[in-house]
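One letter stands for each residue in the lines below.
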Amino acid sequence: MRLLLLASLRAQTGNATTAARIQSHLHAAGHICVLRDAFMYESPTEIANLTSTDKFDAALAIHLYKAGRLLQGSRIPFGIIFGGTDVNEDVKCEEKHRVMGAVLGEARFAVAFTVKMKELAAAEWPDARKKIYVQTQDIPTDTASLHVFLLICGLRRVKDPLYLVEVFSDWHRRDPSVHLGIIGPAVDPLFTSEVKEKVKRAPGVHLLQEMPQDDLHAAMKRCFAVVNSSISEGMSAAILEAMDLDIPVLARNIPGNAAIINHKETGLLFSNPQFSRLLLGVSLAERFSSLCCFRTCRETGSVLSDLWHLSFDGSEFVVLSRSLMNDPIMEREIVTRAKDYVKKHHSWESERKAYQNLVLRLQ
């Protein structure tokens, strides 16, 4: 089959990475799969002309609204791959919700990266439940590691790269050896300007230029940990890549991240960078009690040490980072379990077979 794959193809975005991988899977099965950037088109009519002129047999779209809306009323069969912000954020807009429901109604199938994502979509569009398949993402890479925190994301508000800037800069002032690097394309130019201004006034935090995938993986291999601070995620490719590269992950505790990270098993989840500042006015006993609930430690001395850092640094994120830095055994256990998780649940072979089988429904 000759297939059109519509997605946001901005360099180094999660959707672009996923699109390239799916294209590879379909080429391996003998199909022709052509990638097109959804942002280059404004209406279903343009896509209808494209599919007619270039004689496409079927289409796929990554993101139910951004790309899927362009296939509404399509004369060729198509399937949808949820992006994450479509079912997490865009459903809150009445007009987008209506359009996405119509597109999903026309689609032959839809792919969700997690069971949670499927349930969210099915709750919004119950009639589509039977056509939604769960297929986790595969991430192929190599291994190694070093010391600097990397936050990899497109610069837009939903990725919230400023979430940890103040806390990390405070930590850097006390410990100049720690640095946070933010890497990613300027998806939202206005917001990118805001990020640049904020980072200028934040010692220890650096805004780095986006880079090719191979260079990005090389940078990840040299960092201490990968950080994710998104407000909403479908399934973070950067997190899965870090797990496969034996790099520990600290991620904001949101449904998309919690779906692939088991706290203290395959990574560390933080809820609020200012969490512990709420504890600064309470008694030592109350802080100790709170911390015991927050962290199961191997020794009382470890608890007291963490309690001191909790009150001193004012950050749950910093406490978790310190625990990782000060406990190489825990770090090794986490990265080993994370690597095993990726191999078991994000297999390249199973993902390839899934997409090769799904496109047969478009014949």
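Residues numbered from 1 in each chain as written. Predicted model: local features only at pLDDT ≥ 70, side-chain atom pairs only at ≥ 80, totals over all residues. Heavy atoms only, no water.

## Overview of helix α14 (residues 328-345)
No. 1: The terminal C-alpha atoms of α14 lie 25 Å apart, and with 18 residues this matches the ideal 26 Å at 1.5 Å per residue to within 8%.
No. 2: Those residues of α14 not exposed but buried are Met330, Glu331, Ile334, Val335, Ala338, Lys339, Tyr341 and Val342. For α14, the arc enclosing every buried residue in end-on projection is 165 degrees, short of the 170-degree limit, so these residues lie on one face. Relative to its buried face, α14 has exposed residues pointing more than 90 degrees away, namely Ile329, Lys343 and Lys344. (Helix = DSSP H or I, 4+ residues; strand = E, 2+ residues; numbered from the N terminus. Expected span 1.5 Å × (residues − 1). Buried < 20%, exposed > 50% of the residue type's maximum accessible area, 1.4 Å probe, protein only. Arc of directions from axis to C-beta.)

## With respect to the side chain of Asp86
No. 1: When you line up the elements, Asp86 lands in helix α3 (residues 85-88).
No. 2: No salt bridge is formed by the buried Asp86; the nearest opposite charge belongs to Lys66, separated by 8.7 Å.
No. 3: There is a polar contact of 2.8 Å between the side chain of Asp86 and the backbone nitrogen of Leu64.
No. 4: Side-chain polar atoms of Asp86 contact the backbone nitrogen of Gly83, separated by 2.8 Å. (Lys, Arg positive; Asp, Glu negative; His and termini not counted. Salt bridge = Lys/Arg side-chain N within 4 Å of Asp/Glu carboxyl O. Polar contact = N/O pair within 3.5 Å; in protein donor to acceptor, adjacent residues only side chain to side chain.)

## Quick notes on the packing of helix α9 (residues 237-244) against α14
No. 1: Where α9 contacts α14, the axes come no closer than 8 Å and their chain directions differ by 115 degrees. Viewed along their axes, α9 and α14 form a crossing whose handedness is left-handed. Residues Leu240, Met243 and Asp244 of α9 pack against Ala338, Lys339, Tyr341 and Val342 of α14.
No. 2: In terms of residue class, the contact of α9 with α14 is made up of 5 nonpolar, no polar and 2 charged. (Axes fitted to C-alpha atoms, helices over the stretch in contact; angles between N-to-C directions. Left-handed = near helix turned anticlockwise from the far one by under 90°. Contact = heavy atoms within 4.5 Å. Nonpolar A, V, L, I, M, F, W, Y, C, P; charged D, E, K, R; others polar.)

## Considering the packing of aromatic side chains
No. 1: Tallied over the entire structure, the rule returns 8 aromatic pairs.
No. 2: Summarising the aromatic geometry, the rings of Phe149 and Phe168 are spaced 5.4 Å apart at their centres and angled 70 degrees between planes, so their arrangement reads as edge-to-face. In this pair, Phe149 sits in strand β7 (residues 149-152) while Phe168 sits in helix α6 (residues 165-174), placing the two residues 19 residues apart along the sequence. One exposure class covers both Phe149 and Phe168, and it is buried.
No. 3: Ring geometry for Tyr163 and Phe270: centres 6.3 Å apart, planes at 20 degrees, overall stacked. Of this pair, Tyr163 sits in the loop between β7 and α6 while Phe270 sits in strand β12 (residues 268-270), placing them 107 residues apart in sequence. In this structure, Tyr163 and Phe270 share a single accessibility class: buried.
No. 4: Positioned above the aromatic ring of Tyr65 is the side chain of Arg69, whose terminal nitrogen or guanidinium carbon lies 5.6 Å from the ring centre.
No. 5: The lysine or arginine in question, Arg252, covers the ring of Tyr163, its NZ or CZ lying 3.4 Å from the ring centre. (Phe/Tyr/Trp six-rings, centres within 6.5 Å; stacked < 30°, edge-to-face > 60°. Lys NZ or Arg CZ within 6 Å of the ring centre and 35° of its normal.)

## Overview of the pairing of strand β10 (residues 225-228)
No. 1: What you see with β10 is no split at all: Ala225 and Val227 on one side and Val226 and Asn228 on the other are buried throughout.
No. 2: Where β7 lies against β10, 3 bridges are found, and the strand directions are parallel. Opposite Phe149, over in β10, you have Ala225 as the bridge partner.
No. 3: Bridging between β10 and strand β11 (residues 249-252) involves 3 bridges; their strand directions are parallel. Each residue of the ladder has a partner; that of Val226, found in β11, is Val249.
No. 4: Of the crossover connections in this fold, the one passing from β10 over α9 to the parallel β11 is right-handed. (Pairing = 2+ DSSP bridges. Right-handed = clockwise from strand over helix to strand, strands pointing away.)

## Side note on the sheet that holds β12
No. 1: What the 6 strands build is an open sheet, ordered β9-β8-β7-β10-β11-β12; its pairing is parallel. Only two strands of the sheet have a single partner each, and these edge strands are β9 (205-208) and β12. Going from strand to strand, the sheet's axes swing by 25 degrees on average, the running direction of each strand aside.
No. 2: Against the sheet, α6 contacts β7, β8 (180-183) and β9, and its axis sits at roughly 125 degrees relative to β9.
No. 3: In this fold helix α13 (residues 316-326) packs onto β7, β10, β11 and β12, with an angle of close to 165 degrees to the strand it touches most, β12.

## Looking at the sheet that holds strand β5 (residues 109-112)
No. 1: Strands sit in the order β2-β1-β3-β4-β5-β6 across an open sheet of 6 strands; the sheet is parallel. Looking at the sheet topology across the chains shown, the edges are occupied by β2 (32-37) and β6 (132-134). The mean inter-strand angle of the sheet, taken between neighbouring strand axes irrespective of direction, is 20 degrees.
No. 2: Taken together, the 6 bridges between strand β1 (residues 2-7) and β2 define a ladder with parallel strand orientation. The residue bridging Arg2 from the neighbouring strand is Ile32, located in β2.

## Considering the environment of Ser323
No. 1: By secondary structure assignment, the location of Ser323 is in helix α13.
No. 2: On the basis of relative accessibility, which here comes to 4%, the residue Ser323 falls in the buried class.
No. 3: From its side chain, Ser323 meets the backbone oxygen of Leu320 in a polar contact 2.6 Å long.

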